[in-house]
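Here's the letter readout for the chains.
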Amino acid sequence: MIEHVHNHITKELEQNTKTDIIFILSAIILNLITLAVNSGMVEKSRTESSSLAVMFVFVLLIVLVNIVVIFGLVKGRQTRNKLINGLISMYKDQNVDKYYDSSLLTNYNVRYNLFIMVVICTGVIATIVPFILR
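Definitions and cut-offs
- Residues numbered from 1 in each chain as written.
- Predicted model: local features only at pLDDT ≥ 70, side-chain atom pairs only at ≥ 80, totals over all residues.
- Heavy atoms only, no water.
- Helix = DSSP H or I, 4+ residues; strand = E, 2+ residues; numbered from the N terminus.
- Contact = heavy atoms within 4.5 Å.
- Expected span 1.5 Å × (residues − 1).
- Patch = residues over 30% accessible without salt bridge, like charges linked within 9 Å, V, L, I, M, F, W, Y side chains within 5 Å.
- Areas by Shrake-Rupley, 256 points an atom, 1.4 Å probe, with all protein chains shown as cover.
- Salt bridge = Lys/Arg side-chain N within 4 Å of Asp/Glu carboxyl O.
- Buried < 20%, exposed > 50% of the residue type's maximum accessible area, 1.4 Å probe, protein only.

Enquirer: Whenever I open this one, the side chain of Asn-66 confuses me. Can you help?
Expert: Locating Asn-66 in the fold gives a position in helix 3 (residues 49-93). With residues near it in sequence (within four places) discarded, Asn-66 still touches Ala-27, Asn-31, Val-119 and Gly-123.

If you want it as structure tokens, here you go:
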């Protein structure tokens, strides 16, 4: 039974990783595309108010998507911590905990913070640069 639980937890960790990758890539790609689109609209936005309105709609999209992604990454970090804590408990019960360094949890948390920083930085750049160019 322990083996089945172990397999289930490791599969959950794999799914968590895939979900995090999708969140991160989606946010970064959206931010870069929006940066390109809004930067391309700068000239028109100086004379056409509709282009400026479209730029603000894209900014709103960036903000909303980045909030969703950050929330998803925070939940992903919490889920990963719970799953790994479960594994560590299981390893302690089976007297094999010496093979898993629990300081990895700190490394995972740092990594999540870095991912969140990348999403925030690309979002801020995608938001600010077109308006600076304007």
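Enquirer: Teacher, can you tell me more about helix 3 here?
Expert: Residues that lie three or four places apart on an α-helix share one face, since the helix turns once every 3.6 residues. In this model, helix 3 (45 residues) spans 66 Å end to end at C-alpha, consistent with the 66 Å of a helix rising 1.5 Å per residue. Residue Asn-95 follows helix 3 closely and has a positive phi angle near 60°.

Enquirer: Any chance you could explain a nonpolar patch on the surface here in plain terms?
Expert: A contiguous nonpolar surface patch, about 430 Å² in accessible area, is contributed by Ile-21, Leu-25, Ile-29, Ile-33 and Val-37. With respect to the element layout, Ile-29 can be found in helix 1 (residues 2-40).

Enquirer: I tried to follow helix 1 on my own but got confused; where do I start?
Expert: In this model, helix 1 (39 residues) spans 57 Å end to end at C-alpha, consistent with the 57 Å of a helix rising 1.5 Å per residue. Regarding helix 1, the residues found buried are Ile-9, Leu-13, Asn-16, Asp-20, Ile-24, Ala-27, Asn-31, Thr-34, Leu-35 and Asn-38. Buried residues belonging to helix 1 abut helix 2 (42-47), helix 3 and helix 4 (104-133).

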